[in-house]
Amino acid sequence: MALRFSPALRQYGAGVRTMLVLTVIVGLAYPLAMTGLAQVAFGSNANGSLVTRAGKTVGSDLIGQAFIRPVMEKGKPKKDASGKPVFEADPKYFQSRPSAAGDGYDPLSTSASNLGPENKVLIAAVKERRATAAKLDGVDPQQVAPDALLASGSGLDPNISPAYAAQQVARVARVRGLDVAKVAELVTEHTQGRTLGFLGEARVNVLEVNLALDAVGR
Amino acid sequence: MSETASGLLQVGLLIAALAACYLPLGAYMARVYTSEHDNGVERVLYRLMGVDSKADQRWPVYARSLLAFSAVSVLGLYAMLRFQPHLPLSLGFPGVAPDQAFNTAASFVTNTNWQSYSGESTMGHLVQMSGLAVQNFASAAVGMAVAIALVRGFMRSRTDRVGNFWVDLVRGILRILLPMAVVGTIVLLALGAVQNLSAGTDATTLAGVHQTITGGPVASQEAIKELGTNGGGFYNANSAHPFENPNPLSNILEIFMLLLIPVALTRTFGLMVKDKRQGYAILAAMGALWATILVGISTLEAGHAGTALKLAGASMEGKETRFGVAASSLFATSTTGTSTGAVNSFHDSFSALGGGLTIFHMGLGEVSPGGVGSGLYGMLILAVVTVFVAGLMVGRTPEYLRKKITPREIKLVSLYILTMPVVVLAGTGLAMSLSGPKESILNPGPHGLSEVLYAFMSSANNNGSAFAGISVNTGFYNTALALAMLAGRFVPIVLALALAGSLARQQAVPGNAGTLPTHRPLFVGMLVGVVIIVAGLTFFPALALGPLAEGL
């Protein structure tokens with residue numbers, strides 16, 4: 001004898017079967033077909049626009065990095081109270097924006113600070129970053145670019161504004177013993193204007209500039 | 001070029017692209033939902049699903065089918081999240097905890113995509129693409145199905161049938177969402193989004209630090225996340241993440257994709273009720289609201305009011321360099337006017353009033369232009385309210401699209417209008433009156449109330465964005481917000497379907513000289529007024545204690 005289900009129960013049976021059918025179509029066939037296509041037609045993009053130097057992967061063109069070095073104290077790396085090494089900005093590199101992703105630029109922990117405009121923590125951070133950046137770059141504190149003071153949304157922002165790059169040119173040139181004009185030229189080479197002249201904002205890819213600087217040497 | 005000029009051109013390009021697709025997509029969707037013909041693939045699917053595609057359902061059956069499918073979806077997704085470690089491509093992540101799994105399952109099935117988890121550290125690739133992203137398609141198609149059923153209520157007369165849920169669901173996915181998602185994915189890939197099944201690539205940065213370059217089927221999920229007004233990011237940083245949204249071109253594309261279907265559905269509506277002017281009128285009201293909020297947010301963010309932002313000289317906290325203030329404001333407006341909730345910048349760090357406007361925009365009920373389907377049925381409900389208010393003024397029985405608005409319709413519409421605010425305000429009030437939930441707040445003072453208000457507003461409206469400083473992975477928020485999402489989604493849906501049934505049963509009445517024309521600017525203006533007054537009166541006190549107290 002065939003089982004007879006009430007109409008209401010039949011709806012649930014149809015629901016389960018529909019879920020399974022949809023999972024196969026849009027949950028497996030679609031993403032896997034797109035992945036196959038991506039790997040064949042857009043390999044570099046699809047795998048994260050990886051950047052290699054001397055055969056080693058040094059990062060992604062789209063993902064920012066922290067250009068830092070360990071703080072040395074009496075010839076040894078300085079450690080904080082919990083025994084973790086302390087880092088500071090590496091002056092031979094252009095610096096990225098402040099990052100709230102993990103300990104900074106951690107793609108496994110992407111995040112914004114989410115601090116509100118009246119939050120004392122953010123106000124104090126802006127003041128401190130202004131003083132630090134002005135000292136590092138040898139500029140008037142009032143001249144520090146806003147993006148040097150505020151963290152990005154992703155914590156992985158690969159870019160800085162042309163103004164923040166310009167602020168750092170003289171310092172990078174001095175530390176590397178390079179011509180200021182040469183460094184400025186490298187920055188210009190890696191600066192993108194607004195897309196189509198009006199979309200988004202002009203920006204400098206920090207990893208690209210720093211790689212170009214390392215290629216020049218010193 | 002000045003900031004203002006480029007910002008305006010950006011908006012101009014967006015509107016031009018939407019306008020170009022408006023007629024063809026609107027007409028295509030009308031054909032999809034009115035065609036009598038099932039194609040070969042669909043016939044096979046209906047057999048597998050065990051449904052009769054030729055059955056025209058009464059509204060209670062339509063609603064029960066929808067609720068049964070959604071209940072099964074919640075349970076299925078919940079199970080998948082819990083059993084994650086036993087599935088392939090789990091990346092070694094453990095099963096999601098019960099409260100968070102419930103929250104996430106409710107969130108994706110209700111088209112909210114609120115995320116109390118962080119994608120890159122919680123979800124394996126299979127759960128993302130075969131669990132979460134399936135609901136990106138399904139929940140969007142459910143929204144469209146309800147909108148179409150309501151439109152059928154206006155189209156049809158003297159019948160108790162409003163369509164077939166299973167057919168509307170399958171057609172929405174196979175004929176509309178899937179083809180568009182394929183195209184969207186390919187364009188996003190060309191622009192630089194990632195799409196792989198890798199567990200991540202190890203890199204050693206120039207500073208000698210280890211960095212894991214994450215992988216995942218991102219582009220395919222990103223496309224449907226925007227097209228289906230879902231908004232759940234593959235990564236925690238959502239559309240601010242360079243792998244989801246690599247550059248200004250992908251950014252404008254994503255904004256375009258999240259507005260496309262809600263905008264074009266007004267054309268579908270106009271065609272289906274055989275009066276295109278009605279579609280234009282609804283679109284005009286949606287567009288006026290969207291434009292007003294856009295001007296507000298853009299101006300406030302450019303003005304960067306607030307101690308920290310003034311000190312820094314720009315409202316760039318939580319915003320990406322490649323997008324800047326203008327493109328971030330455009331995204332924020334569009335994501336809160338739809339039920340998307342994707343973000344390319346973090347609203348918690350907006351200026352107090354700019355962030356307040358994102359809350360207010362959701363409070364309008366997400367009808368500018370609203371979520372996929374939910375925007376249209378939400379706005380049609382408000383149009384019924386508007387003709388009722390107008391009818392009261394002149395002492396006539398109100399009509400909309402040649403259907404009489406009787407006490408029965410007004411009861412359904414009133415309950416619809418009341419549901420979301422009750423959930424938002426009761427939820428916020430409850431959270432603020434308990435000590436535990438208050439500890440989740442990140443920013444002190446009025447901004448903290450804004451975080452809680454945002455959370456419930458976003459959940460009840462099925463938006464999914466957040467003032468993300470608040471820590472919501474707690475038993476209270478996972479449970480309370482899941483209930484808010486479910487109530488905010490399914491109570492209005494059942495009421496809208498009941499309204500569809502009630503309208504379909506009526507004989508269409510011939511218009512006469514005394515009928516209020518609902519395609520003229522006067523009506524559009526009244527409709528906009530009703531939307532703003534309803535939301536304004538409801539949420540003004542809460543907004544006064546949060547963003548207004550902080551920003552003024």
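The model shown is predicted, which means the values in this text are computed figures rather than measured ones. Numbering of residues starts from 1 in every chain and runs along the sequence as written. Chains carry letters from A onward and ligands carry numbers from 1 onward, assigned in written order. The predicted nature of this model means local features are confined to residues of pLDDT at least 70 and side-chain atom pairs, given and counted, to a pLDDT of 80 or more, with totals for whole chains, interfaces and linings taken over all residues. Only hydrogens and water are set aside; all other atoms, that is, all heavy atoms of the structure, feed into the side-chain values.

### Observations regarding helix α9 (residues 248–272) of chain B
Count 3.6 residues to each turn of an α-helix, and residues three or four apart come out pointing the same way.
Residues and elements named next belong to chain B.
Here comes step 1: In DSSP terms, a helix is any run of H or I states spanning at least four residues, a strand is any run of E spanning at least two, and both are numbered starting from the N terminus. One fewer than the residue count of a helix, multiplied by 1.5 Å, yields its expected span. With 25 residues, α9 extends 36 Å between its outermost C-alpha atoms, agreeing within 8% with the 36 Å of an ideal straight helix rising 1.5 Å per residue.
Here comes step 2: Working definition for bend: take the seven residues up to and ending at a residue and the seven starting at it, fit an axis to each, and measure the angle between the axes. Along α9, the sharpest kink reaches roughly 40 degrees, centred on Leu 260 and followed within four residues by the proline Pro 262.
Here comes step 3: With a 1.4 Å probe rolled over the protein chains alone, any residue whose accessible area is under 20% of its type maximum counts as buried; one over 50% counts as exposed, and the rest are partly exposed. Across the 25 residues that make up α9, a large majority, 23, are buried.
Here comes step 4: Following α9 by one or two positions, Lys 274 has its phi on the positive side, about 55 degrees.

### Section: the packing of aromatic side chains
All names here are of chain B.
Here comes step 1: Only Phe, Tyr and Trp rings are paired, with Trp represented by its six-membered ring, and only when their centres lie within 6.5 Å; those with planes under 30 degrees apart are stacked, over 60 edge-to-face, the remainder tilted. Enumeration over the complete set of coordinates arrives at 14 aromatic pairs over all chains.
Here comes step 2: Here Phe 154 and Tyr 400 contribute two aromatic rings whose centre-to-centre distance is 5.4 Å and whose plane-to-plane angle is 90 degrees, an arrangement assigned as edge-to-face. One end of the pair, Phe 154, is in helix α6 (residues 125–155); the other, Tyr 400, is in strand β5 (residues 399–400), and 246 residues separate them in sequence.
Here comes step 3: Of the residues examined, Phe 154 reaches a relative accessible area of 5% and is grouped as buried.
Here comes step 4: Centre to centre, the rings of Tyr 377 and Tyr 416 are 6.4 Å apart; their planes meet at 90 degrees, and the pair counts as edge-to-face. Taken as a pair, Tyr 377 in helix α14 (residues 374–394) and Tyr 416 in helix α15 (residues 407–433) lie far apart in primary sequence, 39 residues in all.
Here comes step 5: The buried category is assigned to Tyr 377, whose relative accessible area is 3%.
Here comes step 6: Site record: aromatic cluster; members linked through ring pairs are Tyr 62, Phe 69, Phe 165 and Trp 166.
Here comes step 7: In this scheme, the term charge over a ring applies when either NZ of a lysine or CZ of an arginine sits within 6 Å of the ring centre and within 35 degrees of the ring normal. Sitting over the ring of Phe 350, Lys 319 keeps its end group 4.0 Å from the ring centre.

### Section: helix α10 (residues 276–303) of chain B
Here comes step 1: In this model α10 of chain B runs 40 Å from its N-terminal to its C-terminal C-alpha over 28 residues, within 8% of the 40 Å that 1.5 Å per residue would give.
Here comes step 2: Two residues or fewer past α10 of chain B, His 304 of chain B is found with a positive phi of approximately 40 degrees.

### Overview of the packing of helix α2 (residues 40–49) of chain B against helix α7 (residues 165–191) of chain B
Residue and element names in this part refer to chain B.
Here comes step 1: Relative to each other, α2 and α7 sit at 135 degrees, their axes nearing to 11 Å. Looking at the two axes, α2 sits oblique to α7. For the pair α2 and α7, the sense of crossing is right-handed. Contacts between α2 and α7 pair Val 41, Glu 42, Leu 45, Tyr 46 and Met 49 from the former with Trp 166, Val 167, Val 170, Arg 171, Leu 174 and Arg 175 from the latter. Lines fitted to C-alpha atoms define the axes here, with helix axes fitted over just the stretch in contact, and angles between the N-to-C directions of these axes take values from 0 to 180 degrees. Orientation is classified from the angle alone, with under 35 degrees giving roughly parallel, over 145 giving roughly antiparallel, 65 to 115 giving roughly perpendicular, and any other angle giving oblique. Each crossing gets its hand from how the near helix is turned against the far one by less than a right angle, where anticlockwise is left-handed and clockwise is right-handed. We call two residues in contact when some of their heavy atoms are within 4.5 Å.

### What about the domain arrangement of chain A?
Here comes step 1: The domain boundaries here were taken from an automatic or database domain assignment. One can read the domain layout of chain A as domain 1 (7–46) and domain 2 (50–216).
Here comes step 2: Relative to domain 2 of chain A, the C-alpha centre of domain 1 of chain A lies at a distance of 41 Å.

### Remarks on the interface of chain A and chain B
Here comes step 1: Across the boundary between the two partners, chain A contributes 92 residues, which contact 106 residues of chain B.
Here comes step 2: Salt bridges are identified by distance alone: a Lys or Arg side-chain nitrogen within 4 Å of an Asp or Glu carboxyl oxygen. At the boundary of chain A and chain B, one finds one salt bridge.
Here comes step 3: The residue Arg 194 of chain A makes a salt bridge to Glu 3 of chain B at a minimum N-O spacing of 3.5 Å.
Here comes step 4: Residues adjacent in sequence count toward polar contacts only when both atoms are side-chain atoms; beyond that, a polar contact is any pair of N or O atoms within 3.5 Å, and within protein one must be able to donate a hydrogen and the other to accept it. At the boundary of chain A and chain B, one finds 43 residue pairs in polar contact (both at pLDDT 80 or more).
Here comes step 5: Elements represented by at least two residues in the side of chain A that touches chain B include exactly α1 (7–41), α2 (43–46), β1 (50–53), β2 (56–60), α3 (120–137), β7 (159–160) and α6 (206–216) of chain A.
Here comes step 6: It is α1 of chain A that provides the largest number of residues to the side of chain A that touches chain B, a total of 23 residues.

### Overview of the sheet that holds strand β8 (residues 191–192) of chain A
Residue and element names in this part refer to chain A.
Here comes step 1: Two strands form a pair only when DSSP identifies at least two bridges running between them. With antiparallel pairing, three strands are arranged side by side in an open sheet as β7-β9-β8. The sheet is open, and its two edges are formed by β7 and β8, each paired on a single side.
Here comes step 2: The sheet contact formed by β7 and strand β9 (residues 203–205) spans two bridges and is antiparallel. Across the sheet, Asn 159 pairs through a bridge with Asn 205, a residue of β9.

### Considering the pattern of salt bridges
Residues and elements named next belong to chain B.
Here comes step 1: Summed over the entire model, instances satisfying the criterion amount to 22 salt bridges over all chains.
Here comes step 2: Between Asp 160 and Arg 161 there is a salt bridge whose closest N-O contact spans 3.0 Å.
Here comes step 3: Between Glu 399 and Arg 396 there is a salt bridge, and its shortest N-O distance comes to 3.6 Å.
Here comes step 4: When its relative accessible area of 13% is taken as the criterion, Glu 399 is described as buried.
Here comes step 5: When salt bridges that share partners are traced, they join Glu 222, Lys 225, Glu 226 and Glu 244 into one network.

### Concerning the packing of α15 of chain B against helix α17 (residues 446–460) of chain B
Residues and elements named next belong to chain B.
Here comes step 1: Their axes nearest at 9 Å, the elements α15 and α17 cross at an angle of 145 degrees. The two elements α15 and α17 cross, and the hand of that crossing is right-handed. Mapping the contact onto sequence places Met 420, Val 423, Val 424, Gly 427, Thr 428, Ala 431 and Met 432 in α15 and Leu 449, Val 452, Leu 453, Phe 456, Met 457 and Ala 460 in α17.
Here comes step 2: Broken down by class, the residue content of the contact of α15 with α17 amounts to 11 nonpolar, two polar and no charged. Only Asp, Glu, Lys and Arg are considered charged, only Ala, Val, Leu, Ile, Met, Phe, Trp, Tyr, Cys and Pro nonpolar, and every remaining residue, Gly among them, polar.

### So, unusual backbone geometry
What is expected of a backbone is that most residues other than glycine have negative phi and most peptide bonds are trans.
Residues and elements named next belong to chain B.
Here comes step 1: Note the cis peptide between Ser 368 and Pro 369, where omega equals -5 degrees.
Here comes step 2: With respect to the helices, strands and loops of the structure, Pro 369 is situated in the loop between α13 (352–363) and α14.
Here comes step 3: One non-glycine residue, Asn 238, lies in the positive phi region at around 55 degrees.
Here comes step 4: Among the secondary structure elements, Asn 238 is positioned in the loop between α8 (218–227) and α9.
Here comes step 5: Taking relative accessible area as the criterion, Asn 238 reaches 4% and is therefore assigned buried.
Here comes step 6: One non-glycine residue with positive phi stands out, namely Glu 366, at about 55 degrees.
Here comes step 7: Topologically, Glu 366 is positioned in the loop between α13 and α14.
Here comes step 8: Accessibility expressed as a relative area gives 3% for Glu 366, which makes it buried.

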